[in-house]
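Okay, here's what each chain looks like letter by letter:
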Amino acid sequence: MSQLTVKNLELAYEGKAVVKGLSFDVKKGEYLCVVGENGSGKTTLMKSILRLIKPQSGEISFADGARVGRIGYLPQQKTAQRDFPASVKEVVMSAFASKTWLPVYTKAMKQKAEQNLELLNVSGLAEHPFSELSGGQQQRVLLARALCATEKMLLLDEPVNGLDPTATSEMYSVIKQLNDQGMTVIMITHDINTAVNTADKILHLNQDGHFFGTTEEYLASGFGDALLKGGLK
């Protein structure tokens with residue numbers, strides 16, 4: 001069963017159409033990488049899935065327990081966001097802010113936050129200021145926060161942007177581990193090596209059209225030759 005189904009989607013950015021006639025589906029436990037040139041509509045698509053942007057036309061639907069409000073989202077991070085004045089624990093717990101009307105968090109919420117901090121190997125940093133962490137540690141904390149919002153699906157927009165090679169490798173390893181445990185992953189990336197070596201399927205967007213299929217079909221299609229020649233080693 002598909003957790004996410006997109007049918008005949010048209011998206012615009014600043015009044016200009018960037019995606020037309022897009023259809024694809026993502027099944028439970030799949031790992032989809034979204035690739036393409038800058039300006040091809042990758043982030044616009046992700047925000048549309050999250051209902052942050054309204055499509056020009058088309059349909060986005062969920063099933064099998066996935067739904068808006070229960071999807072973990074890790075957006076692109078900017079320097080100003082990395083200076084957020086809060087502790088690690090406060091940042092992770094903020095994932096529950098929209099789920100309770102109380103001034104305090106429930107025991108179950110606290111336990112889930114602790115479990116995800118442990119899973120991401122940052123539980124020992126719970127009381128540390130978020131702004132004092134390394135880039136890799138911050139991304140782990142933000143991924144722990146995203147996991148507090150879901151047990152079904154993660155949407156990741158360039159999750160290793162700005163990280164050094166070691167932190168990048170560690171982050172990809174954690175994401176793959178989560179996927180191996182059953183989490184559906186949809187990740188925007190410019191790292192074509194990781195995309196074709198890790199993902200089950202590839203969605204390639206560009207202004208002339210799009211490709212959606214397995215990694216094997218993508219490698220044989222010729223659709224992404226420019227990216228592949230520049231990215232594969």
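Cut-off values and rules
Residues numbered from 1 in each chain as written. Predicted model: local features only at pLDDT ≥ 70, side-chain atom pairs only at ≥ 80, totals over all residues. Heavy atoms only, no water. Buried < 20%, exposed > 50% of the residue type's maximum accessible area, 1.4 Å probe, protein only. Helix = DSSP H or I, 4+ residues; strand = E, 2+ residues; numbered from the N terminus. Pairing = 2+ DSSP bridges. pLDDT = per-residue confidence, 0-100. Expected span 1.5 Å × (residues − 1). Axes fitted to C-alpha atoms, helices over the stretch in contact; angles between N-to-C directions.

On to the pairing of strand β8 (residues 201–206), then. Of all 6 residues that make up β8, 6 are buried, and the element is covered over most of its length. Burial of β8 is two-sided: the residues Lys-201, Leu-203 and Leu-205 facing one way and the residues Ile-202, His-204 and Asn-206 facing the other way are all buried. Summarising the sheet, strand β3 (residues 31–36) and β8 pair through 5 bridges and their orientation is parallel. Pairing of Val-34 across the sheet is with Leu-203, part of β8. The antiparallel hairpin formed by β8 and strand β9 (residues 209–214) contains 2 residues in its connecting segment.

Quick look at the confidence of the model for the chain now. Chain-level pLDDT for the chain is 87 on average; 91% of the residues reach the 70-or-more range. Put simply, helix α2 (residues 79–82) is where the chain has its lowest mean pLDDT, 56, and strand β7 (residues 184–188) is where it has its highest, 96.

What follows deals with helix α4 (residues 107–119). Taking 1.5 Å of rise per residue, 13 residues should cover 18 Å, and α4 covers 18 Å from first to last C-alpha, within 8% of that figure. Asn-121 lies just past α4 and shows a positive phi near 60 degrees.

On to the sheet that holds strand β4 (residues 57–62), then. If you trace the 3 strands from one edge of the open sheet to the other, you get β2-β1-β4, paired in antiparallel fashion. Edge positions in the open sheet fall to β2 (16–27) and β4, since each of these has one partner strand only. Strand-to-strand twist in this sheet, taken as the mean axis angle between neighbours without regard to direction, amounts to 15 degrees. Both strand β1 (residues 2–13) and β4 contribute to a ladder of 5 bridges, which runs antiparallel. Bridged to Glu-10 within β4 is Ser-57.

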